[in-house]
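Chains, contacts and geometry: an overview
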Amino acid sequence: MGIEKNALRRLTAADLSSHLHLACQPLLLLLLAIYIADPKSPGIHANMSTAALYKSLFTSFIRRELRKDPRLDEARLAIETTNRMWRLAIAAFAMFNRSRLFVTDDELGADLIALAFDESGPAVSAVAARRGQHLLGQFFFIYTSESDAHRDGEQRHSYEFLHATFGEYLVGSWIVELLVELAQAHQLALRSRPEIDDSVLFALTSCQPIANRRTILEFAQEAFAEYGDAETQLVAMLELLIQRWRSRPIPTKPVGYRPAYIDDHLRELATYTANLVLMRVFIEKSEQGVPIRSLAAVDTDPRESWRSLTRLWHAGLDTTGILALTATLAMSADGQRIVRRQAQHDSVDLEIEVADLAGDRETVARLLIGRRVRDFLPAAEEFLSDGGAELLAELSAIATHPLADGIGVASARTIEQWPAPESEYAVHLLIHYLAANSYKADLDTVANLVRLLLETMRPHRRSAPQLALVLAAHPQLLEKVPELGSADLYAGKEEAATVAVALQAASDRAPGKLRKQLYELKRRVDLDRRDLVDDKATTVNLMKGVIGILSGQGLRINSRVADRQPD
């Protein structure tokens, strides 16, 4: 029953040309050499996928071991080969569902008892360990051992596959195998409309999102291609499982299978549905992706159904899981299909990623704009924790709203929400926004905001250039808010050039007696004219701003001018 003399085949460079990522590792190269040497193995052909090679590799080694038993005929040999592959798959799931690359003999033994449908009773530790050792004592594994204080004279072992992709292949290919079995069983029983018993599939795929290990999805995609005529049934079964997620009864897992030791049905359902969608998208042959209407139950709104599903994932998956999912899937530009992300995707923000995957463009826009505004501003938690977030939003509206009446509404809200305690942060925001945007609003709106600032607290000296720019945009403010006529507001040498040019612009634009008042204010402000002369770049920039004011186009003062400290 062994290999005949002089019948060995040689491993050539041509055999390895499509699988160099395996051949560059000594242990895997040895496995490939043994595999190719067996004349009964199918060998390696040019168009062979990695999944097909692994299937042939596993099957060849298992059958060679089983042939040592002369009692096995071909029919029994095929059954036992499948059984051994299933047990190896249980080992792969044992590692994946525990988020590890290894598994102990105790853990694997318990999983085998739970999933191999043995009638031997509960997973007693010694029995479980022996079952695990029996499987893992075979090929494809490396192991370490240590003494176990609870088991006299026994060693405790932990095992891992010779190569991580062995486990990933087994997980991906057996998810497809279980789906095919479900599809075939459902097809045979369609007339009686039975409940779909996906308890084993649920148990194995509700612990970890397979998006965490994209290679699993790639193996599943390759394994799916091997089923030919069953592809249509498999797609239909996946879509049916996804469509019924809301009405799916709480599952009864196979007794004893608890790799994650967590009773959290929300997390399990979120993980399970995410994995089903990932599988459906990855087996889709069209580059246009999967229509969201095919994933929604009959008589439901596809968009709302899809968004509801993404909200389930957001609530049930941890941050790593949801980011892995959004790095793998994306909504098409038309909002009608789910596609695979081809390139590496750098996460922006969890909430933005989820809204983007949901196809909620409005929420994405709101979050992006709000995030940009918030990140630009200095942190001040004590301010934001006391209603400051709403104030910040209104200040941002004042800064960005293109219409004067819109600014008036926002400014009214700002006045209502202004914090009772003094806040330098709020002053900083509002004064700088006014300096840049006061020309957009009417005189009364700006007067109300300036009065709010001056009545609530006396701005510090760095506010001088901003107040001068506001006055340049609306010289009539001097009548509405007489306090702006105090020279003390503009004292000091900080940004003397800005103050000088802005007050000159205000004086030049003011009507009648106001022009004289502003000229007198400018004269009383003790400025160092050398700053104006020496800082040529600032002077040029400020003059452009003044020209903008006079032409009715508004201020165009570089933000660096307002914040620059004098040398």
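That block above? That's the structure.
In this report, the structure presented in the accompanying data block is examined. (Residues numbered from 1 in each chain as written. Predicted model: local features only at pLDDT ≥ 70, side-chain atom pairs only at ≥ 80, totals over all residues. Heavy atoms only, no water.)

Section: the overall build of the protein chain
As a reminder, the rule being used: Each helix is a run of H or I in the DSSP string that is no shorter than four residues. Each strand is a run of E no shorter than two, and both are numbered from the N terminus. The buried label goes to any residue with under 20% of its type's maximum accessible area, the exposed label to any with over 50%, and the partly exposed label to all in between, with areas taken from a 1.4 Å probe on protein chains only. Working definition of accessibility: Shrake-Rupley area with a 1.4 Å probe, residue cover restricted to the visible protein chains.
Looking only at helices and strands, the protein chain features 27 helices and six strands. When burial is assessed residue by residue, the protein chain has 50% of its 567 residues classed as buried. Working note: accessible area of the protein chain is about 28,700 Å², and carbon and sulfur atoms make up 53% of it.

Brief notes about the sheet that holds strand β6 (residues 337-340)
Here is the rule we go by: Two strands qualify as a pair provided DSSP detects at least 2 bridges between them.
Strand order in the open sheet formed by three strands is β4-β6-β5, with antiparallel pairing between adjacent strands. Two strands bound the open sheet, and with one partner strand each, they are β4 (290-291) and β5 (329-331). Summarising the sheet, β4 and β6 pair through two bridges and their orientation is antiparallel. Bridge pairing links Val290 to Ile338 in β6.

Some points on the packing of aromatic side chains
Test applied: What counts as a ring pair is set by centres within 6.5 Å for rings of Phe, Tyr and Trp (its six-membered ring), and what kind of pair is set by the plane angle: stacked under 30 degrees, edge-to-face over 60, tilted for all other angles.
One pass over the structure, following the stated rule, counts nine aromatic pairs. Consider the rings of Tyr54 and Tyr169, whose centres lie 5.7 Å apart with planes at 90°: the pair is edge-to-face. A residue pair is termed long-range when its members are at least 10 positions apart, and Tyr54 in helix α4 (residues 50-66) and Tyr169 in helix α8 (residues 164-188) qualify at 115 residues. For the pair Tyr54 and Tyr169, one class covers both residues: buried. Look at Phe58 and Phe166: their rings are 5.5 Å apart centre to centre, the planes differ by 70°, and that puts the pair in the edge-to-face class. Placement of Phe58 in helix α4 and of Phe166 in helix α8 is noted, with a sequence separation of 108 residues between them. No difference in accessibility class separates Phe58 from Phe166, as the two residues are buried. Aromatic ring contacts, followed pair by pair, group Tyr54, Phe58, Phe166, Tyr169 and Phe219 into a single cluster.

Some words on the side chain of Arg280
The condition is simple: Here, two residues are considered to be in contact whenever any of their heavy atoms come within 4.5 Å of each other.
Assignment of secondary structure puts Arg280 in helix α12 (residues 265-283). Using a relative accessible area of 5% as the deciding quantity, one classes Arg280 as buried. When residues no more than four places from it in sequence are discounted, the contact partners of Arg280 are Val235, Leu238, Glu239, Ile242, Val290 and Leu295.

Considering helix α24 (residues 512-524)
Stated precisely, the cut-off is as follows: In this scheme, a helix's expected span is set at 1.5 Å multiplied by one less than its residue total. Working note: the arc is built from the helix axis to C-beta atom directions.
Taking 1.5 Å per residue as the helical rise, α24 with its 13 residues ought to reach 18 Å, and the 19 Å between its terminal C-alpha atoms agrees with that figure. Those residues of α24 that sit buried are Leu514, Leu518, Leu521 and Lys522. Along the axis of α24, the buried residues cluster in a sector spanning 100°; they form a single face. Projecting away from the buried face of α24 at angles above 90 degrees are the exposed residues Gly512, Lys513, Lys516 and Arg523.

As for the environment of Thr205
What counts here: For the purposes of these results, a polar contact is taken to be a pair of N or O atoms within 3.5 Å, where, inside protein, one atom must be able to donate a hydrogen and its partner to accept one; residues adjacent in sequence count only when each atom of the pair is a side-chain atom.
Residue placement: Thr205 occurs in helix α9 (residues 199-205). Taking relative accessible area as the criterion, Thr205 reaches 6% and is therefore assigned buried. With 112 residues separating them in the primary sequence, Thr205 and Phe93 have C-alpha atoms 8.7 Å apart. Beyond its immediate sequence surroundings of up to four residues, Thr205 is in contact with Ile175, Thr271, Tyr272 and Asn275. Of note is the side chain of Thr205, whose polar atom sits 2.6 Å from the backbone oxygen of Leu201.

Side note on the packing of α4 against α8
Two quantities define a packed helix pair, namely the angle between the helix axes and the distance between the axes. The test is simple: Only the stretch in contact is used when a helix axis is fitted, and all axes are lines through C-alpha atoms; the angle between N-to-C directions ranges over 0 to 180 degrees. In these notes the angle categories are as follows: under 35 degrees is roughly parallel, over 145 is roughly antiparallel, 65 to 115 is roughly perpendicular, and the rest is oblique. By the convention adopted, Pro, Cys, Tyr, Trp, Phe, Met, Ile, Leu, Val and Ala count as nonpolar, Lys, Arg, Asp and Glu as charged, and the other residues, Gly among them, as polar.
Their axes nearest at 10 Å, the elements α4 and α8 cross at an angle of 95°. Compared by their axis directions, α4 and α8 come out roughly perpendicular. In contact with Ala51, Tyr54, Lys55, Leu57 and Phe58 of α4, α8 contributes Thr165, Phe166, Tyr169 and Leu170. The class makeup of the residues in the contact of α4 with α8 is seven nonpolar, one polar and one charged.

Description of the pattern of salt bridges
Test applied: Any Lys or Arg side-chain nitrogen found within 4 Å of a carboxyl oxygen on Asp or Glu counts as a salt bridge.
Summed over the entire model, instances satisfying the criterion amount to 19 salt bridges. With its nearest N and O atoms 3.1 Å apart, the salt bridge here joins Arg361 to Asp356. Look at Arg361 and you get partly exposed, because its relative accessible area is 35%. For Asp356, a relative accessible area of 23% translates into the label partly exposed. Its salt-bridge partner being Asp444, residue Lys480 comes within 3.0 Å of it at the nearest N-O pair. Here the residue Lys480 occupies a position in helix α22 (residues 477-480), and Asp444 occupies one in helix α20 (residues 443-456), the gap between them amounting to 36 residues. Among the residues examined, Lys480 registers a relative accessible area of 38% and is labelled partly exposed.

Considerations on helix α13 (residues 302-316)
For α13, which comprises 15 residues, the first-to-last C-alpha distance of 21 Å matches the rise-based estimate of 21 Å (1.5 Å per residue) to within 8%. Those residues of α13 hidden inside the fold are in contact with α11 (231-243), α12, α14 (319-326), β5, β6 and α15 (350-358). Measuring from the backbone nitrogen of Arg303 back to the side-chain oxygen at the start of α13 gives 3.2 Å, which picks out Asp301 as the cap.

Observations concerning the packing of α11 against α12
Applied cut-off: Two helices that cross are described as forming a left-handed crossing if the nearer one is turned anticlockwise from the farther one by less than a right angle, and a right-handed crossing if clockwise.
Two elements in contact, α11 and α12, have axes separated by 10 Å at closest approach and are oriented at 150°. Here α12 runs roughly antiparallel to α11, going by the angle between their axes. Two packed elements cross with a definite hand, and for α11 against α12 that hand is left-handed. For the pair α11 and α12, contact is made by Leu234, Val235, Leu238, Glu239, Leu241 and Ile242 and by Tyr272, Leu276, Val277, Met279, Arg280 and Ile283, respectively.

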